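Structure assessment
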Amino acid sequence: MRAVTTAQTLDVQPTPLALLLLGREADPKSERGVECPGDLPSPSDPDLVERARAAKAKLGEKVFVLGHHYQRDEVIQFADVTGDSFKLARDAAARPQAEYIVFCGVHFMAESADILTTDDQQVVLPDLAAGCSMADMATAEQVAECWDVLAEAGVADVTVPVSYMNSSADIKAFTGKHGGTICTSSNAKRALDWAFEQGEKVLFLPDQHLGRNTAVRDMGLSLEDCVVYNPHKPGGGVSTEELRAAKMILWRGHCSVHGRFSLESVRDVRERIPGVNVLVHPECKHEVVAAADYVGSTEYIIKALEAAPAGSKWAIGTELNLVRRLANRFADEDKEIVFLDKTVCFCSTMNRIDLPHLVWALESLAEGNLVNRIQVDPETEKFAKLALERMLALP
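To keep things clear, this report deals only with the structure shown in the data block. (Residues numbered from 1 in each chain as written. Predicted model: local features only at pLDDT ≥ 70, side-chain atom pairs only at ≥ 80, totals over all residues. Heavy atoms only, no water.)

Further remarks concern the packing of aromatic side chains. Scanning all chains against the criterion turns up four aromatic pairs. Judged by centre distance (5.4 Å) and plane angle (65°), the ring pair of Phe 261 and Phe 339 falls under edge-to-face. Of the two residues, Phe 261 is situated in the loop between strand S9 (248-251) and helix H12 (263-272) and Phe 339 in strand S13 (residues 336-339); the sequence distance between them amounts to 78 residues. Accessibility classification places Phe 261 together with Phe 339 in one group, the buried group. Relative to Trp 314, the ring of Tyr 294 lies with its centre 5.6 Å away and its plane at 40°, an arrangement referred to as tilted. Here Tyr 294, found in strand S11 (residues 294-295), pairs with Trp 314, found in strand S12 (residues 313-317); they are 20 residues apart in sequence, far enough to count as distant. Looking at Tyr 294, the relative accessible area reads 34%, which means it is partly exposed. (Phe/Tyr/Trp six-rings, centres within 6.5 Å; stacked < 30°, edge-to-face > 60°. Helix = DSSP H or I, 4+ residues; strand = E, 2+ residues; numbered from the N terminus. Buried < 20%, exposed > 50% of the residue type's maximum accessible area, 1.4 Å probe, protein only.)

Across the five residues of S12, four count as buried, placing the element largely inside the fold. The sheet contact formed by strand S10 (residues 277-280) and S12 spans four bridges and is parallel. Considered in S12, the bridge of Val 280 is made with Gly 317. As judged from the four bridges shared by S12 and S13, these two strands associate in the parallel manner. For Ala 315, the partnering residue across the bridge sits in S13 and is Val 338. Once the chain exits S12 it traverses helix H15 (residues 320-329) before rejoining the sheet at S13, and the crossover so formed is right-handed. (Pairing = 2+ DSSP bridges. Right-handed = clockwise from strand over helix to strand, strands pointing away.)

The subject of this paragraph is helix H17 (residues 378-392). When the terminal C-alpha atoms of H17 are compared, their 20 Å separation across 15 residues agrees well with the 21 Å that a helix rising 1.5 Å per residue should span. Where H17 is concerned, the buried positions are Thr 380, Glu 381, Phe 383, Ala 384, Ala 387, Leu 388 and Met 391. Buried residues in H17 make contact with helix H5 (85-93), helix H6 (107-116), helix H8 (169-177) and strand S6 (181-183). (Expected span 1.5 Å × (residues − 1). Contact = heavy atoms within 4.5 Å.)

What follows is about the pairing of strand S1 (residues 63-68). Consecutive side chains of a regular strand alternate in pointing toward one face of the sheet and then the other. For S1, a buried count of six out of six residues is recorded, marking the element as mostly surrounded by other parts of the structure. Summarising the sheet, S1 and strand S3 (residues 100-104) pair through five bridges and their orientation is parallel. Bridged to Leu 66 within S3 is Phe 103. Direction of pairing for S1 relative to strand S2 (residues 81-83): parallel, over a ladder of three bridges. Counterpart to His 68 in the pairing with S2 is Gly 83.

Another aspect to go through is helix H3 (residues 48-59). Between its first and last C-alpha, H3 extends 17 Å over twelve residues, near the 16 Å set by a 1.5 Å rise per residue. For H3, the full list of buried residues reads Leu 48, Ala 52, Ala 55, Lys 56 and Leu 59. One face of H3 carries all of its buried residues, which in axial projection span an arc of 95°. Residues of H3 that are exposed and point over 90 degrees away from its buried face: Ala 57 and Lys 58. Packing partners of the buried residues in H3 comprise S1, S3 and helix H16 (355-366). Trailing H3 by a residue or two, Gly 60 shows a phi angle of about 60°, which is positive. (Arc of directions from axis to C-beta.)

Set out below in structure tokens:
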């Protein structure tokens, strides 16, 4: 009889991540989120819409609800403003009279809102498990180790960190401490232009695709100017010589939604829909961006479709909730809008914010109970805000 090997016989201890994914541990600083306390209303409750309206009306100007473009329609209908992550954080900062900022988005977005709002405002995330897989691909410990590798290679002093908005407050703080700036998908080129005026190299965190696409497509650098630092390999999996030769040191991170679009997706949609315009987000892979007709941020995508002529055809490479909403919005204008990939692709963590969670959060606040507050500690906030202010000062 063959012996059965078990974790007990090998004395294997589950890692913190394994326990977290199994739902047996919690990590409030992780984009993977933690459990949501309290009893949620049933998703089949026919009164959910009315309950949300009543709770929001009771709170009045004390509450300001932010809705990211990738949210479900059932949630978006209660948003006071919609937009991308940074726009929403700035909208919150512009409403100092709102005591509660209910952010229907993901964890890093709520952190940015907390950083930019006043101490008297309290940011609430309806489901703490609404995180971002990309933001989770770069931890403070990993990035500190990367910086040590750059120092050993003798290039840290000439490297400027540029972190995408889709990063944790810890990563934004690291960026601020080391003289870097934050960028969005709209101003990434401006941020990189600024960074190369400050130093010889850029450490781009955490999305390799946005960094590569901006450097190569928008700035004229070559693919050979870019190296990828893999935090799961010794020394990042790159040699000292490669680090010294590179201009762009790209963190090995990506968006789980945009990263799934492929060159085959582009070729397939062109065959299926003659004359189609392919419009993708710059978080897509380089070969997808190179094959597309148009590339731009979420706001760019919306404006492009608003300006598109009647009868035009569009295949959009971004999150499905937004694509479906845009297809419905412009259907009467005879604009054909389809999802770039044939496979359905929602942002799974963004979709954790549903109507039951929103109702629970609003009703709790209306009853005087503060729930799911997102609060960045003062030291982290100080340096993260410094990095954000550098972005706001970009020419």
